[in-house]
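# Geometric and topological summary
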Amino acid sequence: MHTQTRHIEIHQLDLRYDHTRIYKKRVVNRLYRSLEQFGQLTPVLVTPGEGNQFILIDGYFRVKATRMCGKDTVLGVIGESDEKRAVLSVLKNNDGRAWEAFEEASLLNEFVLRFELGISETAQLIGRDKSFVKRRLDLVRELPGDVLGAVGSGAVSSWSATRILVPLARANRNHALKLTAYLKQTPLPTRELNYFFETYKKSNHSVRSRMIDDPSLFLKAVHNKRQKEEDVKLAQGVEGRWLKDIVSVCVTLKRLKQTHGTAIYPGQEPSMQKQLVDALTEACSCCNHLYEEVMTHDQTGHERGHQGDA
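In spatial order, the strands read S1-S5-S3-S4-S2; together these five strands make up an open sheet with mixed pairing. Each edge of the open sheet is held by one strand with a lone partner, namely strand S1 (4-9) and strand S2 (13-14). Direction of pairing for S2 relative to strand S4 (residues 54-58): parallel, over a ladder of two bridges. Opposite Leu13, over in S4, you have Phe54 as the bridge partner.

Next comes the structure, spelled out in structure tokens:
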């Protein structure tokens, strides 16, 4: 069969790989505006399916944007290869795309299931090692369906799913589902979500349950705490912060004094001992220079003050 490019009725498309894509509203909207202004510049990739159907291999965003334009047809390239080889080509060559980890993992998982492949065979086909294939498959297989759906719809970011929801689902599936439901309604900045999860990991079961049941309450408490800290800093001024830092330095020095016999000892590896002693020497030098500078400035300030009075 020869490759051909022609317009295909959208209702003829078999969208069996639709669930492997992560739909980002801004990307689809950008495509929509481009299609409205310039028309379809890049055809989608299809392979023959059953009857008069065509299996859509690549170009799901373009099809979605085309529908938004109110059009019934899409320009498509009917590939020479069969479905398996077409999907393999996308996985192996990326077709110029920058893969999201979940998109790649979802398509890889669908590829393995649809064509009944093992991890070793799949790794060989796509030119990657077995550990890579297993990590990608675990990424989607360890998550509940509701979480995967939220990622695919773009309601939850890939970062949130990979860094937060995957490890959370391994530890507590119910908590992962609850947090996903919350994020779908109330998206959180990466920094806040990461802080939330780091606090969750350090907390006991009772606190964890309260955090998951009402993340907004926890985040509000964090915000209030930070606001109070900012208010204190503002009230203390530079002098207060300076004093706080000096106290911290003293505490650190006392701790170092208690443990120096363990950290630096006879018979220690010379390079390590030199590194520790050099660091101590530099710290002493910094302290001495600061002290001299402060005292000199203080004396100069007093002299200036007396001159001003005169």
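On to the confidence of the model for the chain, then. Detailed reading of the predicted coordinates is not advisable wherever pLDDT is low. Of the residues in the chain, 94% have a pLDDT of 70 or more, and the chain-wide mean is 88. Within the chain, the lowest mean pLDDT, 78, falls on helix H13 (residues 270-309), and the highest, 96, falls on S2. A low-confidence stretch, residues 303-310 stays under pLDDT 50, and its non-local contacts, those more than four residues away or across chains, total zero contacts.

What follows is about unusual backbone geometry. Backbone geometry at Glu116 places phi at a positive 50°, although glycine is not the residue there. One can find Glu116 in the loop between helix H4 (101-114) and helix H5 (119-126).

Enumeration over the complete set of coordinates arrives at 14 salt bridges. For Arg170, the salt bridge identified is with Glu142, shortest N-O distance 2.5 Å. Of this pair, Arg170 sits in helix H8 (residues 158-171) while Glu142 sits in the loop between helix H6 (130-141) and helix H7 (145-152); the two residues are 28 residues apart in sequence, bridging distant segments of the chain. Among the ionic pairs, Lys274 bridges to Asp278, the shortest N-O distance being 2.7 Å. Taken together, the residues span about one helical turn, with Lys274 and Asp278 both in helix H13 at a distance of four residues. Overall, the relative accessible area of 53% leaves Lys274 in the exposed class. Given a relative accessible area of 36%, Asp278 falls into the partly exposed group. Among the charged side chains, a salt-bridge network with shared partners connects Asp14, Arg16, Glu83, Glu110 and Arg114.

The next point concerns the packing of helix H9 (residues 173-185) against helix H11 (residues 205-213). Relative to each other, H9 and H11 sit at 30°, their axes nearing to 9 Å. One finds that H9 runs roughly parallel with respect to H11. Along the contact surface, H9 presents His175, Lys178 and Leu179, while H11 presents Arg208, Ser209, Ile212 and Asp213. Partitioning the contact of H9 with H11 into residue classes produces two nonpolar, two polar and three charged.

Counted under the stated rule, the structure contains five aromatic pairs. When the ring of Tyr195 is compared with that of Phe218, the centres are 6.4 Å apart and the planes differ by 25°; the resulting orientation is stacked. Residue Tyr195 is located in helix H10 (residues 190-202), and its partner Phe218 is located in helix H12 (residues 215-263); the two are separated by 23 residues in the primary sequence. Seen from their ring centres, Phe196 and Phe218 are 5.3 Å apart, and the 85° between their planes marks the pair as edge-to-face. One end of the pair, Phe196, is in helix H10; the other, Phe218, is in helix H12, and 22 residues separate them in sequence. According to the relative accessible area criterion, Phe196 is buried, its value standing at 2%. Aromatic rings pair up to connect Tyr195, Phe196 and Phe218 into one cluster. Positioned over the ring face of Phe132 is Arg128, at 3.8 Å from the centre of the ring.

Turning our eyes to something else, we now look at H6. For H6, which comprises 12 residues, the first-to-last C-alpha distance of 16 Å matches the rise-based estimate of 16 Å (1.5 Å per residue) to within 8%. Taken residue by residue, H6 has Phe132, Val133, Arg136, Leu137, Leu139 and Val140 as its buried positions. What you see down the axis of H6 is that its buried residues fit within an arc of 150°, all on one side. For H6, exposure combined with an orientation more than 90 degrees from the buried face picks out Lys130 and Arg135. Against H4, H5, H7 and H8 lie the buried residues of H6.

Rules used in this analysis
Residues numbered from 1 in each chain as written. Predicted model: local features only at pLDDT ≥ 70, side-chain atom pairs only at ≥ 80, totals over all residues. Heavy atoms only, no water. Pairing = 2+ DSSP bridges. Helix = DSSP H or I, 4+ residues; strand = E, 2+ residues; numbered from the N terminus. pLDDT = per-residue confidence, 0-100. Contact = heavy atoms within 4.5 Å. Salt bridge = Lys/Arg side-chain N within 4 Å of Asp/Glu carboxyl O. Buried < 20%, exposed > 50% of the residue type's maximum accessible area, 1.4 Å probe, protein only. Axes fitted to C-alpha atoms, helices over the stretch in contact; angles between N-to-C directions. Parallel < 35°, antiparallel > 145°, perpendicular 65-115°, else oblique. Nonpolar A, V, L, I, M, F, W, Y, C, P; charged D, E, K, R; others polar. Phe/Tyr/Trp six-rings, centres within 6.5 Å; stacked < 30°, edge-to-face > 60°. Lys NZ or Arg CZ within 6 Å of the ring centre and 35° of its normal. Expected span 1.5 Å × (residues − 1). Arc of directions from axis to C-beta.

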